[in-house]
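Residue-level listing of the chains:
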Amino acid sequence: MSLPEPPVVHVNSPYVVPFDGSFSVEDAATGPTAPLSKKELKKELCRLQDQLSDLQRVLYAHDHHSVLLVFQAMDAAGKDGTVRAVMSGVNPAGCQVHSFKKPSSEDLDHDFLWRTAKRLPERGRIGIFNRSYYEEVLVVRVHPEYLGYQRLPYNDPDHIWEERLHSIREHEAHLARNGTLILKFWLNVSHAEQKARFLSRLDEPEKNWKFAVGDVQERQHWPKYMQAYEHALNATSRPWAPWLAIPADNKPYMRVKVAQAIVSALESLDMHYPEVSPAEASRFAEMRALLDSE
Ligand code: ATP
Ligand code: MG
């Protein structure tokens, strides 16, 4: 029996990665595709932050959906700043950010979806993954020697990436069926802009702390990373868990495009504040009378 597809995410953005496997990194924009001034972008971001704050309140009150936002990018693409910009204004109680770095020994003792599964958002909440289980088909694919730490008893090098991508698709379809709205952002910074950002981390003393030798070493594997991204995005961009390839060379533009996508997807959900039942309403009258009699 074939099952119905999971509920679709309605996202209004020109940067949605097509669902038919035709996405090409080479053709994807890294810079703005619409001319907007810095001032206009700032105003638009403020407007979107207000909208997001209102949407988050009704998400929380309605308490049926959860929202998972996944952020992946090459170093210095601006993940942290984007998460900060997009979420500022949202009630911190309704939103949680998790950063996934190199796995711990406890993480490595489990299947690769375990550590992120523990951090999935509850109903009514927004959960942000700054890096995610996608690292397992990105950094690990670029460095297959990392698989050694995972002590997999079955490790078929011809199929492991397809198997992992299959697991991810199934995992996300399962989450979507159970009420999690999933949006995944690849912040697409160009090779040249990454270099400029690394150089400014070296040149400007107040940015020195951000500089990491490892980041420049990873940059040497750029073509392999791009291949891994292209493969992963094509294999896992689906109507119920779309990827968006957001141009990342201009930070204000990138932040607005991310916020617009999130707002449009949340607006499409059928959410409302819970209504008071007649029985509860009659209790209200009773309580009012009790308070008035004090
Ligand atoms: P920032 O540099 O802004 O603090 P970051 O996300 O780059 O943020 P780092 O500590 O610099 O954090 O890097 C984390 C590293 O952990 C990345 O190189 C990432 O590829 C790696 N990593 C994440 N998940 C895995 C994984 N499952 N297996 C191996 N490496 C991983
Ligand atoms: Mg880093």
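All figures in this text were calculated on a predicted structure; none of them were measured in a lab.

(A) Expanded view of the overall build of the chain. Check the secondary structure of the chain and you find 11 helices and 5 strands. Counting only residues that meet the buried cut, the chain has 47% of its 294 residues in that class. Excluding contacts between residues fewer than 6 apart, the proportion of contacts in the chain whose partners are at least 24 apart in sequence is 83%. Here the chain displays about 16,000 Å² of accessible surface, and carbon together with sulfur accounts for 53% of that area. Side-chain charges of the chain comprise 35 positive and 40 negative groups, with the mean position of each set lying 5 Å from the other.

(B) Quick peek at the packing of helix 6 (residues 160-177) against helix 9 (residues 222-236). Running from N to C, helix 6 and helix 9 cross one another at 40 degrees; their axes reach a closest spacing of 10 Å. Put simply, helix 6 runs oblique to helix 9. Crossing geometry of helix 6 relative to helix 9 is assigned as right-handed. Note on element contacts: helix 9 touches helix 6 through H231, A232, A235 and T236, opposite E162, L165, I168, R169 and E172. Here the contact of helix 6 with helix 9 is built from residues that sort into 4 nonpolar, 2 polar and 3 charged.

Parameters and conventions
- Residues numbered from 1 in each chain as written.
- Chains lettered and ligands numbered in written order.
- Predicted model: local features only at pLDDT ≥ 70, side-chain atom pairs only at ≥ 80, totals over all residues.
- Heavy atoms only, no water.
- Helix = DSSP H or I, 4+ residues; strand = E, 2+ residues; numbered from the N terminus.
- Buried < 20%, exposed > 50% of the residue type's maximum accessible area, 1.4 Å probe, protein only.
- Contact = heavy atoms within 4.5 Å.
- Areas by Shrake-Rupley, 256 points an atom, 1.4 Å probe, with all protein chains shown as cover.
- Lys, Arg positive; Asp, Glu negative; His and termini not counted.
- Charge placed at Lys NZ, Arg CZ, Asp CG, Glu CD.
- Axes fitted to C-alpha atoms, helices over the stretch in contact; angles between N-to-C directions.
- Parallel < 35°, antiparallel > 145°, perpendicular 65-115°, else oblique.
- Left-handed = near helix turned anticlockwise from the far one by under 90°.
- Nonpolar A, V, L, I, M, F, W, Y, C, P; charged D, E, K, R; others polar.

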